[in-house]
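# Report on the structure
As a plain string of letters, each chain reads:
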Amino acid sequence: QDKEKISVTFVNKDGTEQTISVPVGMSMLEAAHENDIELEVSNLAWYFGTAGACEGSLACSTCHVIVMDVNYYNKLEDPTDEENDMLDLAFGLTETSRLGCQVIAKPELDGMRLALPAATRNFAVDGFVPKPH
Ligand code: FES
(Lines give C-alpha, C1' and ligand atoms only; values in the text may rest on other atoms or scores of the structure.)
Protein backbone atom coordinates (compact mmCIF):
# COMPACT_ATOMS: atom_id res chain seq x y z
CA GLN A 1 0.00 0.00 0.00
CA ASP A 2 1.22 3.45 -0.93
CA LYS A 3 1.85 5.31 2.31
CA GLU A 4 1.50 8.66 0.62
CA LYS A 5 -2.17 8.03 0.05
CA ILE A 6 -5.05 6.83 2.17
CA SER A 7 -8.31 5.21 1.25
CA VAL A 8 -11.51 7.09 2.08
CA THR A 9 -15.06 5.99 1.36
CA PHE A 10 -17.86 8.46 0.70
CA VAL A 11 -21.41 7.22 1.26
CA ASN A 12 -23.99 8.98 -0.85
CA LYS A 13 -27.51 9.73 0.16
CA ASP A 14 -28.83 6.81 -1.85
CA GLY A 15 -26.50 4.49 0.04
CA THR A 16 -24.06 4.02 -2.82
CA GLU A 17 -20.42 4.17 -1.86
CA GLN A 18 -17.35 5.47 -3.57
CA THR A 19 -13.90 4.64 -2.24
CA ILE A 20 -11.15 6.96 -3.36
CA SER A 21 -7.45 7.32 -2.81
CA VAL A 22 -6.51 10.60 -1.15
CA PRO A 23 -2.97 11.98 -0.97
CA VAL A 24 -1.79 12.77 2.57
CA GLY A 25 -2.21 16.48 3.14
CA MET A 26 -5.24 16.93 0.89
CA SER A 27 -8.57 18.03 2.33
CA MET A 28 -11.68 15.90 1.90
CA LEU A 29 -13.29 18.76 -0.01
CA GLU A 30 -10.48 18.78 -2.56
CA ALA A 31 -10.43 15.01 -2.71
CA ALA A 32 -14.16 14.88 -3.35
CA HIS A 33 -13.86 17.44 -6.12
CA GLU A 34 -11.01 15.58 -7.77
CA ASN A 35 -13.15 12.47 -7.85
CA ASP A 36 -16.38 14.12 -8.96
CA ILE A 37 -18.08 13.55 -5.64
CA GLU A 38 -20.55 16.32 -5.15
CA LEU A 39 -20.42 17.11 -1.47
CA GLU A 40 -22.32 20.28 -2.02
CA VAL A 41 -25.21 18.83 -4.00
CA SER A 42 -26.17 16.78 -1.00
CA ASN A 43 -26.00 19.79 1.25
CA LEU A 44 -27.51 22.19 -1.23
CA ALA A 45 -30.70 20.21 -1.32
CA TRP A 46 -31.35 21.74 2.04
CA TYR A 47 -30.23 25.28 1.88
CA PHE A 48 -28.63 28.23 0.26
CA GLY A 49 -25.54 28.77 -1.65
CA THR A 50 -23.56 27.70 -4.65
CA ALA A 51 -21.33 24.67 -4.86
CA GLY A 52 -18.01 25.03 -3.10
CA ALA A 53 -19.14 28.44 -2.05
CA CYS A 54 -16.11 29.38 -0.02
CA GLU A 55 -13.54 26.89 -1.32
CA GLY A 56 -12.38 25.90 2.09
CA SER A 57 -12.26 29.20 3.90
CA LEU A 58 -14.77 28.25 6.60
CA ALA A 59 -17.52 30.48 5.33
CA CYS A 60 -20.22 28.25 3.93
CA SER A 61 -20.65 24.77 5.50
CA THR A 62 -21.65 23.24 2.16
CA CYS A 63 -18.76 20.82 2.65
CA HIS A 64 -20.41 19.21 5.69
CA VAL A 65 -19.57 15.53 6.05
CA ILE A 66 -20.33 13.03 8.78
CA VAL A 67 -17.58 10.76 10.04
CA MET A 68 -19.28 7.39 10.29
CA ASP A 69 -16.99 5.86 12.89
CA VAL A 70 -16.31 7.76 16.10
CA ASN A 71 -12.87 6.15 16.30
CA TYR A 72 -11.91 8.03 13.16
CA TYR A 73 -13.64 11.16 14.34
CA ASN A 74 -11.48 11.09 17.43
CA LYS A 75 -8.32 10.95 15.31
CA LEU A 76 -9.10 14.33 13.76
CA GLU A 77 -7.76 17.59 15.03
CA ASP A 78 -10.36 19.35 17.17
CA PRO A 79 -12.52 21.77 15.20
CA THR A 80 -11.76 25.44 15.63
CA ASP A 81 -14.37 27.83 16.95
CA GLU A 82 -14.84 29.05 13.39
CA GLU A 83 -15.57 25.55 12.18
CA ASN A 84 -18.01 24.93 15.01
CA ASP A 85 -19.81 28.16 14.21
CA MET A 86 -20.24 27.09 10.59
CA LEU A 87 -21.30 23.58 11.56
CA ASP A 88 -24.05 25.05 13.69
CA LEU A 89 -25.59 26.30 10.45
CA ALA A 90 -25.36 22.97 8.68
CA PHE A 91 -28.38 20.83 8.00
CA GLY A 92 -28.47 17.49 9.75
CA LEU A 93 -25.69 18.19 12.20
CA THR A 94 -24.49 15.16 14.14
CA GLU A 95 -22.02 14.58 16.94
CA THR A 96 -19.45 13.43 14.39
CA SER A 97 -20.02 16.15 11.80
CA ARG A 98 -17.07 18.03 10.34
CA LEU A 99 -16.46 20.40 7.49
CA GLY A 100 -14.79 18.49 4.67
CA CYS A 101 -12.48 21.37 3.88
CA GLN A 102 -11.02 21.09 7.38
CA VAL A 103 -10.44 17.34 7.37
CA ILE A 104 -6.94 16.74 6.04
CA ALA A 105 -5.80 13.29 4.97
CA LYS A 106 -3.19 11.70 7.23
CA PRO A 107 -2.06 8.08 7.55
CA GLU A 108 -4.17 7.34 10.66
CA LEU A 109 -7.31 8.14 8.68
CA ASP A 110 -6.80 5.32 6.20
CA GLY A 111 -10.12 3.50 5.82
CA MET A 112 -12.29 6.35 7.05
CA ARG A 113 -15.91 6.46 5.89
CA LEU A 114 -17.72 9.75 5.38
CA ALA A 115 -21.46 10.11 4.88
CA LEU A 116 -22.97 13.00 3.01
CA PRO A 117 -25.51 14.67 5.29
CA ALA A 118 -28.64 13.88 3.34
CA ALA A 119 -27.67 10.25 3.77
CA THR A 120 -28.11 10.44 7.49
CA ARG A 121 -31.86 10.40 7.13
CA ASN A 122 -31.46 6.83 5.98
CA PHE A 123 -28.99 5.99 8.70
CA ALA A 124 -30.85 7.60 11.55
CA VAL A 125 -31.97 4.26 12.81
CA ASP A 126 -28.37 3.08 12.93
CA GLY A 127 -27.43 5.38 15.71
CA PHE A 128 -26.72 8.77 14.19
CA VAL A 129 -27.77 11.23 16.83
CA PRO A 130 -28.88 14.63 15.55
CA LYS A 131 -27.13 17.32 17.51
CA PRO A 132 -29.54 19.95 18.81
CA HIS A 133 -28.89 23.45 17.53
FE1 FES B 1 -16.92 26.37 2.82
FE2 FES B 1 -15.74 24.16 3.82
S3 FES B 1 -15.94 24.75 1.74
S4 FES B 1 -16.72 25.79 4.89
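Position numbers for residues start from 1 in each chain and track the written sequence from start to end. Under the rules for a predicted model, residues below a pLDDT of 70 receive no local features and side-chain atom pairs below 80 are neither given nor counted, while totals for whole chains, interfaces and linings still include all residues. By convention in this description, side-chain values take in all heavy atoms of the structure and omit both hydrogens and water.

The alternating pattern of strand E3 (residues 64–67) places His-64 and Ile-66 on one face and Val-65 and Val-67 on the opposite face, and all of these are buried. Pairing between E3 and strand E4 (residues 97–99): 3 bridges, direction antiparallel. Each residue of the ladder has a partner; that of Ile-66, found in E4, is Ser-97. Pairing between two strands is assigned when DSSP locates at least 2 bridges connecting them. Think of it this way: any DSSP run of H or I at least four residues long counts as a helix, any run of E at least two long counts as a strand, and we number them from the N terminus. As paired strands, E3 and strand E5 (residues 112–115) are joined by 2 bridges and run antiparallel to one another. When the bridges of E5 are listed, Val-67 appears paired with Leu-114. Only protein chains enter the accessibility calculation, which uses a 1.4 Å probe; a residue is then buried when its area is under 20% of its type maximum, exposed when over 50%, and partly exposed in between.

Here we come to the side chain of Thr-9. Take Thr-9: it is sitting in strand E1 (residues 5–11). We call two N or O atoms a polar contact when they sit within 3.5 Å, provided that within protein one can donate a hydrogen and the other can accept it, with sequence-adjacent residues counted only if both atoms are side-chain atoms. A polar side-chain atom of Thr-9 sits 2.7 Å from a polar atom in the side chain of Thr-19. If we skip the residues at most four places from it in the chain, Thr-9 touches Glu-17, Gln-18, Thr-19, Met-112, Arg-113 and Leu-114. Contact criterion: two residues are considered in contact whenever any of their non-hydrogen atoms come within 4.5 Å of each other.

Taken together, 5 strands build an open sheet; the order of strands is E2-E1-E5-E3-E4 and the sheet is mixed. Of all the strands in the sheet, the pair left with one neighbour each is strand E2 (17–23) and E4. Neighbour-to-neighbour, the strand axes of the sheet open up by a mean angle of 35 degrees, direction not taken into account. Here E1 pairs with E2 via 7 bridges, running antiparallel. Each residue of the ladder has a partner; that of Lys-5, found in E2, is Pro-23. To obtain each axis, a line is fitted to C-alpha atoms, and for helices this fit is confined to the stretch in contact; angles are then taken between N-to-C directions over 0 to 180 degrees.

This part takes up the nonpolar core. Of all hydrophobic cores here, the largest spans 29 residues; its most connected members are Val-8, Phe-10, Val-22, Met-28, Leu-39, Met-112 and Leu-114. Elements supplying a minimum of two residues to this core: E1, E2, helix H1 (28–34), E3, helix H3 (70–73), helix H4 (81–87) and E5. Among the elements that line this core, the one with the most residues is H1, at 4 residues. Apart from the residues lying within four places of it in its own chain, the contact partners of Leu-114 are Val-8, Thr-9, Phe-10, Val-11, Met-28, Val-65, Ile-66, Val-67 and Met-68. Residues grouped as a nonpolar core are buried Ala, Val, Leu, Ile, Met, Phe, Trp, Tyr and Cys residues, joined through side-chain atoms within 4.5 Å.

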